[in-house]
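Per-entry structural report
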Amino acid sequence: MTAGPAAEATLTQPPARRRVIVQLLRNPQGALCLAFLLLVVVVAATSPWLAPTGPTTTQLSASNAPPFTGGHLLGGDSAGRDILSRLMWGSRQTVMACLIILGVSVVVGVASGLVAGFYRGRFETAAGFASDVVMALPGIVLLIALYALTGPNIPVAMTVFGLLIAPTYYRLVRNVVLGVRNELYVDAARVAGLADLRIVGRHVLWAVRAPVIIQSSFVLAAGIGIEAGVSFLGLGDPATASWGTVLQNSFDGIYNNRWGVLWPALAISLTILALILLGNALSDVLQSSARSRTLTPRARRAALAAAQQEDAGRRSAPAGSPDDIVLSVRALRIAYPSADGEIREVVHGVDLDVRRGEIHGLVGESGSGKSQIAFATLGILPREALILGGSVLLDGEDLLADESKMRAARGRRIAYVPQEPMSNLDPSFTIGKQLSYGLRAVTSLDAGEAREQLVGLLDRVGIKDPERVMELYPHEISGGMAQRVLICGAVASGADLIVADEPTTALDVTVQAEVLELLRELSRDRGLAMILVTHNLGVVADLCSTVSVMKEGHIVERADVETIFEAPQQAYTQELLSSSRSVELMEI
Ligand SMILES: Nc1ncnc2c1ncn2[C@@H]1O[C@H](COP(=O)(O)OP(=O)(O)OP(=O)(O)O)[C@@H](O)[C@H]1O
């Protein structure tokens, strides 16, 4: 377990690709399937040297021979050919058929999905239509028609199946790209002047890699089934050994050699099973968070027990009179399991007290743990987070010790004002619906009472014509109005504490000032305690009465706002102040 920042800094992460392979090998299902599939590929590659006989070598004495007779491990077929040798040779044809299906479907489906999702327009319309038509085609009928034209030809048949499967990749990739193309990092790459090809290659392709890899293992499994099915139906080349033709030959002689069908059936079904299970294992590995993973309940209990032993006797007393303290965070420790099994502590035994009517600023560099403390207070840390120790006391009641108390407090006694007001409002419902739904969920008010109270509160937070605004949808109001709406929602239930995470960052400067003024008034008039997470020292100077400065998961300095700005004690606080923008300092 990493104990501190120094240890944390030395934690080296292997490159992403290696990490995926290591995780896959650690997963027993993934490792077993990978080993089996590797064996199939090795057998396919080395069969000319390793197979006991050639694929068409016949021996009269081996005709319908049962297993383990006359040097034929798996017996012989009706023509006297060694079944093991034919299966070994046949794996070449089967692997080749699967690779053709995979290659054709990936190239056609991924390329068209990328172009359609990224550029949209006419190409998307045409490709969407083509994909619908191809998906509606009955594959087997097409194949029979093709057989009449080309005769038994597995590469051509597999190419056609590759084209028939391509729409599954097209749809998958197009949908992922549609989600990614408007992300800010893609816009940033555009603004930085990167050519489309580089943006697609570097950012978009990266986003689709996981679903494409997972899908590919299922397509390979389908490919084995298709090749076997085609050959079994006699539409393949009977002169070439493949698992499908071996199955067909053995099936023809089933009354003379019952065992014959078992071996190709086993080879086909085990390989399909291995590919499907590998797909599932890949999905677990690739779709789990790259940064961290969720521990099993057992590992979680062990980590918590170890942390409790470390923590014994560490708890500190609250500062100041307990009566005026609304929130008291004691010795809070938060950690995340990383992908390589380490437990990385990101908040190291933090103490924090917030009094009634106090606006407590939480500042510090990015990644110092401010949001972790805010989220722990609200009980909304991500699932993989581990609270290694400590307590969050609301009026003396430990919310971390009892999830039901946390649930009862959240939204009623502790409210949240987020950074992005717009993304916190549901575009499908009017402002009035959303506010009254939230309020009625935590109070016993009826619809009329809730509406009346909300109209009054909207007016109080500075919304002009609140009756009309209640009927508007989020896209019909401005960012500043949206933030006022959320503040109204936060105070409507009569909360004692508001946790505001960068509440003005997404707003323009004049609106920022108005929202800050509103928060100040609410805190003063209603005696609200507030935790204000921010990077902006100007906001801190303007609004906060107490400031806690965070660095690498520790609170390194805490003082009233004047002391922090006029006589900071710690070198880190001084550094933070001097690196803050000079314009802001002048305003301060
Ligand atoms: N889900 C997660 N899995 C693993 N580590 C995480 C996760 N969420 C946060 N962390 C880590 O916790 C640490 C503190 O993050 P936090 O978001 O609290 O920082 P912050 O001070 O609020 O930063 P910012 O001001 O940039 O939002 C960081 O090192 C971050 O990488």
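Quick notes on the rules
- Residues numbered from 1 in each chain as written.
- Predicted model: local features only at pLDDT ≥ 70, side-chain atom pairs only at ≥ 80, totals over all residues.
- UniProt positions renumbered as here; feature names shortened; annotations may be inferred.
- Helix = DSSP H or I, 4+ residues; strand = E, 2+ residues; numbered from the N terminus.
- Contact = placed C-beta atoms within 7 Å.
- Pairing = 2+ DSSP bridges.
- Axes fitted to C-alpha atoms, helices over the stretch in contact; angles between N-to-C directions.
- Near = placed C-beta within 6 Å.
- Nonpolar A, V, L, I, M, F, W, Y, C, P; charged D, E, K, R; others polar.

Moving on, we come to the UniProt feature "transmembrane region" (unreviewed entry) in the chain. In the numbering used here, UniProt assigns the feature "transmembrane region" (unreviewed entry) to residues 31-51, 94-119, 126-148, 154-172, 212-235 and 261-283. With 100% helix and 0% strand, residues 94-119 has its two end C-alpha atoms placed 37 Å apart. End-to-end, the C-alpha atoms of residues 261-283 are 33 Å apart, and along that stretch the chain is 96% helix and 0% strand.

Once that is clear, we can look at the environment of N27. With respect to the helices, strands and loops of the structure, N27 is situated in the loop between α2 (16-26) and α3 (28-50). When the C-alpha atoms of N27 and A281 are compared, they prove to be 7.3 Å apart, with 254 residues separating the residues in sequence. Not counting the four nearest positions on each side in its chain, N27 is found in contact with A281, D284 and V285.

Within the open sheet, the six strands sit side by side as β6-β7-β8-β3-β9-β10. Their pairing is mixed. At either margin of the open sheet sits one strand with a lone partner, and together these are β6 (414-417) and β10 (554-560). In this sheet, adjacent strand axes meet at a mean angle of 20° when their direction is disregarded. Bridging between strand β7 (residues 497-501) and strand β8 (residues 529-533) involves five bridges; their strand directions are parallel. Bridge pairing in β8 places L497 opposite A529. Sheet contacts for helix α22 (residues 571-579): β3 (359-364), β9 (546-551) and β10; angle to β9, the most-contacted strand, approximately 100°.

The next point concerns the site of the ligand. Neighbouring the ligand are 15 residues, the closest being Y336, V346, S366, S371 and Q372. When residues in the shell around the ligand are grouped by element, the largest group, three residues, is from helix α13 (residues 370-378). Among the residues making up the shell around the ligand, the classes are represented as three nonpolar, nine polar and three charged.

Looking now at the environment of G379. Mapped onto the fold, G379 is located in the loop between α13 and β4 (386-394). Put simply, G379 and E403 are 24 residues apart on the chain and 8.3 Å apart in space, counted from C-alpha to C-alpha. For G379, the residues in contact, after removing those within four places along its chain, are L399, M406 and R410.

Quick look at the sheet that holds strand β5 (residues 397-398) now. Strand order in the open sheet formed by four strands is β2-β1-β4-β5, and the pairing between neighbours is antiparallel. Because the sheet does not close on itself, it has two edges, and the strands there are β2 (343-355) and β5. In this structure, strand β1 (residues 325-337) lies alongside β4, joined through seven bridges in antiparallel fashion. Residue pairing for β4: I334 is matched across the bridge by I387. On the sheet, α13 packs against β1, β2 and β4 and is oriented at approximately 115° with respect to β1.

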